[in-house]
Amino acid sequence: MNFNLRKQFQIYNALFLNLSYEGANQIGDLIPILEKSAKIHLESGKDPITIVDQFYEDYKNLIAVDKFDFMFKVIQYVERQIVLFDSIEDCISPYELEDQDSVLVATLVKKCNTDEEFQKLIQKLNDISVRIVLTAHPTQFYRPPVLDIIVKLRKQIKNNNIEKVDSLLHQLGLTSLINTSSPTPFEEAKSIIHICRYEYYEAIGGLMYKLSSKYQGLDNYDLVMLGFWPCGDRDGNPNISHKHTKQVVDELRISLMKCYYHDVKSLASMLTFREIENELSEILGSLYKAMFNPEEIVDYKILLNTFEKIRVILIAKYEGLYLDELQKIITKVKVFKNHFASLDIRQDSSVHTACIRQILIANGLINNSIEELEEKELIGLLTKEFVEIPDYSRFDGVILDTLLNIKQLPDLQKLNGELGCHRYIVSNSEDLFAILNIYGLFRWIHKTEKIKFDFVPLFETMKGMAGSEAVMQELYELKPYLDHLKSRSKKQTVMLGFSDGTKDGGYLKANWSIYKCNQKLSILTKKYNLRVAFFDGRGGPPARGGGKTFNFYAARSPEMANNDIQLTIQGQTITSTYGTSDKFSFNAEQMISSGLSSLNKDEKTRISEKNYALFEELSELSYDKYLKLKQHPKFLDYLESMTTLKFYDKTKIGSRPGKRNQFNKLTLNDLRAISYVGSWSQLKQNVPGYFGVGTAFKKIIEEGRINELQNLYSEVPLFKTLIDNCMMSLTKCFFDLTRYMQSNKEYGAFWQLLYNEYSLSIETILKITKLTVLMETESRSKTSIEIREEIVRPLLLIQQYALQMLNLDVDTDNNQIYEKLVVRSLYGNINASRNSA
């Protein structure tokens, strides 16, 4: 596979030499030379300015344009090479791309030796659910026309149609890849709904039909569900309003009606029987109206009733002709109902606190501060009393919009069904009132105890996770909230933030804290005769909970809740891991099987007391090292001065600001995990994915306990998963790119600190794993990374050239051009990594 992947790229890459823009031929000839030159000279210690200037001087007769034009043309060319490689890799079966054996439902069925074992497996399948939640985080930037070209390119590459591939590459060469302005929240949402409509509708429908028709007794249409955050997640995004939320609810439903209409129209061309034609014609008429008018609602139950009538007629009178095609549509309607994807609402706890304060002041219950009330009195107001909401004209800004949004939510449920919007996630949930405040707002606004919404605390910092057990116990002890949970199927969803967790606590500490939090809350919730579901806020790279995520779920201990798997996917992960129907089906089934595996109560996933203590020790050692890094006087200055951090907001790839408080001085708390992790990735230093790991391992090794670490790696699936993902982060590093910083008077020592931990992490991991090189057992993934790094190296060189020139401040007349070079190179670098942020 690896040989073919590289060869296939080389063959199609040759077509780029005829791309339809000026100088494409010369640029295409020079890029391989530039890549080799960059690698050799960077490894020898030369700085980017010297390398670029010398290369331009050596080849200026061939280049035939000025140096700035040359660099922009290189960027333009390489961006399209990345699109090509993505398309080639997306054509390969996901089964061939995996380095480990795939665990699918069929794999688990084969392990059933008796009918009793098979029936138990089917029962587990009926009880388990995987919710894949699509977010709008800005690490995917292609415009819709480019996405359409990519879809066509995949198809023609799969068919080995060289002429059509050549035409599409020419079209790509003439098509702008990036936005000229930042997308609105609704535009972000529509781009993801586009993927839902053209990929996920068929993928989930096809997977469910395959499983339900193959395994008798499987009747769980919530087995794979879509969640949705765009226009619902307003945490730190002042650009989202309650009007956007209503818009996206309508757009999800309307897009689903278009999918249903297409399927029913196709079915009608097969079922040309008088008794059935009229029924299908009526459905098509209703769906057609619903496709264009948000006021027209087609209840999915009516569709199912009509399809059932048709099914009976087909069996009784028409020999069951095309029954399979009908059943496929029925399956889709049972899965997607009226909502397509379930929209989550998210807001920071501080906003709800501000809302409560304003309402209490308006009612004369406090003068200025909530702290004027005793805790018991405040709890009583939130859980038992109905405080009047004053006229909305008293409020403005985010407080007004928050109240208006809460007010409209029951109406949105009437449009798309309760499942269409039923969860309210509260960021920074560090105390009891994070949930009680939003619970109280719902009570006060709607004047009812019967709230058809689930309130989800998000624990995302080390402090939040450490206190999560106490917070949840306090909530469970409150009778009004406990009664609310009983009315919600006795289920409490808890969200755990991998992204901000790693930013706060470092790689090992964050992942271990999340594991312990999961374990403690599972045990606690069971004591109250309740169920808990964990919703993981994951990003693309290992530093944000990405990597081989299904291994995390397979590694959960027997006492952990694991029959309701929920995770966010975002940015590049939406396209790279779930971007085609085949990939979505494969990875969704991997998630199902991982959850089923952990439900087997296999003692292999239980961590012994000795290994638990060692994991705890490693966690604290790595955290201490990471904490010292965060407290280093040059830490934030280095991020602002030497990385691409301040350029993320200029990329026009998302509607959300790069940090939460735009007008304040930069703090790590305000910094979004995407721009934080992404900036390290652009430098090819990937600090959040390993920092502290090497120091922790070294301490244990120096104590003569390396065998304990080796046993931990071989015995504890969670630890193995973390180290394997850590190796991916380290493999994607290329410190030679920034080695010139070593001689920087202000930041040289800090760069050396980072490099030393990187080197130490590799050295100790190889000792523990007994490998000779990183990712030695993952050759397919490693080859993909290597090819991508080769493609993107000219972009990295140009980006560092521009950053170096800006920092030296020796050519101020051209600073705008240098800034534009940094921003333009960001796009290709982000997408080439596929999970860089």
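Residues numbered from 1 in each chain as written. Predicted model: local features only at pLDDT ≥ 70, side-chain atom pairs only at ≥ 80, totals over all residues. Heavy atoms only, no water.

Enquirer: With reference to specific residues and values, describe the overall build of the chain.
Expert: Secondary structure summary: the chain contains 35 helices and 8 strands in total. Along the first, second and third principal axes, the C-alpha atoms of the chain reach 75 × 70 × 65 Å. Looking at the 837 residues of the chain, the share that counts as buried comes to 61%. Taking all contacts inside the chain whose residues are at least 6 apart in sequence as the whole, residues at least 24 apart take part in 81%. Carbon and sulfur atoms form 49% of the exposed surface of the chain, whose accessible area is close to 33200 Å². Averaging the coordinates of the 103 positive side-chain charges in the chain and doing the same for the 106 negative ones gives two points 2 Å apart. (Helix = DSSP H or I, 4+ residues; strand = E, 2+ residues; numbered from the N terminus. Buried < 20%, exposed > 50% of the residue type's maximum accessible area, 1.4 Å probe, protein only. Contact = heavy atoms within 4.5 Å. Areas by Shrake-Rupley, 256 points an atom, 1.4 Å probe, with all protein chains shown as cover. Lys, Arg positive; Asp, Glu negative; His and termini not counted. Charge placed at Lys NZ, Arg CZ, Asp CG, Glu CD.)

Enquirer: Any chance you could break down the environment of phenylalanine 85 for me, citing the residues and the numbers?
Expert: Considering the arrangement of structural elements, one finds phenylalanine 85 in helix α4 (residues 67-91). Sequence spacing of phenylalanine 85 and phenylalanine 292 is 207 residues, and the spatial spacing of their C-alpha atoms is 38 Å. Here phenylalanine 85 is in contact with Leu5, Phe9, Ser784, Ile787, Arg788 and Ile791, once residues within four sequence places are set aside.

Enquirer: So what's going on with the sheet that holds strand β3 (residues 342-348)? Which residues, and what values?
Expert: Pairing is parallel in the closed barrel, where 8 strands are placed in the order β1-β2-β3-β4-β5-β6-β7-β8. For this sheet the average axis-to-axis angle between neighbouring strands, irrespective of direction, equals 25°. Sheet topology places strand β1 (residues 129-134) next to strand β8 (residues 564-569); 6 bridges connect them, and they run parallel. Residue pairing for β8: valine 130 is matched across the bridge by isoleucine 565. Along the sheet, helix α11 (residues 242-268) makes contact with β2 (224-228) and β3, crossing β3 at roughly 160°. Each of β4 (423-427) and β5 (454-459) touches helix α18 (residues 433-446); the most contacted strand, β5, lies at about 155° to it. (Pairing = 2+ DSSP bridges. Axes fitted to C-alpha atoms, helices over the stretch in contact; angles between N-to-C directions.)

Enquirer: Please give an account of the packing of helix α10 (residues 185-214) against helix α14 (residues 323-336) that cites residues and values.
Expert: Following both chains from N to C, one finds α10 and α14 inclined at 110°, their axes separated by 9 Å at the closest point. Here α10 lies roughly perpendicular to α14, going by the angle between them. Read as a crossing pair, α10 and α14 show a hand that is right-handed. Side by side, α10 and α14 meet where Tyr200, Tyr201, Glu202, Ile204, Gly205, Met208 and Tyr209 of the first sit next to Asp324, Gln327, Lys328, Thr331, Lys332, Val335 and Phe336 of the second. Of the residues that constitute the contact of α10 with α14, the class distribution is 7 nonpolar, 3 polar and 4 charged. (Parallel < 35°, antiparallel > 145°, perpendicular 65-115°, else oblique. Left-handed = near helix turned anticlockwise from the far one by under 90°. Nonpolar A, V, L, I, M, F, W, Y, C, P; charged D, E, K, R; others polar.)

Enquirer: I'd love a proper account of the pairing of β5, names of residues and values included.
Expert: Remark: a regular strand shows side chains that alternate across the two faces of the sheet. The element β5 is extensively covered by neighbouring structure, given that 6 of its 6 residues are classed as buried. Side chains of β5 alternate between two faces, with Asp454, Val456 and Leu458 and Phe455, Pro457 and Phe459 buried alike. Pairing analysis gives 4 bridges linking β4 to β5, with the strands arranged parallel. Paired with valine 426 across the two strands is proline 457, which belongs to β5. Crossover connection from β4 via α18 to parallel β5: handedness right-handed. Pairing of β5 with strand β6 (residues 491-497) involves 2 bridges; the strand directions are parallel. Its bridge partner being in β6, phenylalanine 459 is matched across the sheet by leucine 496. (Right-handed = clockwise from strand over helix to strand, strands pointing away.)

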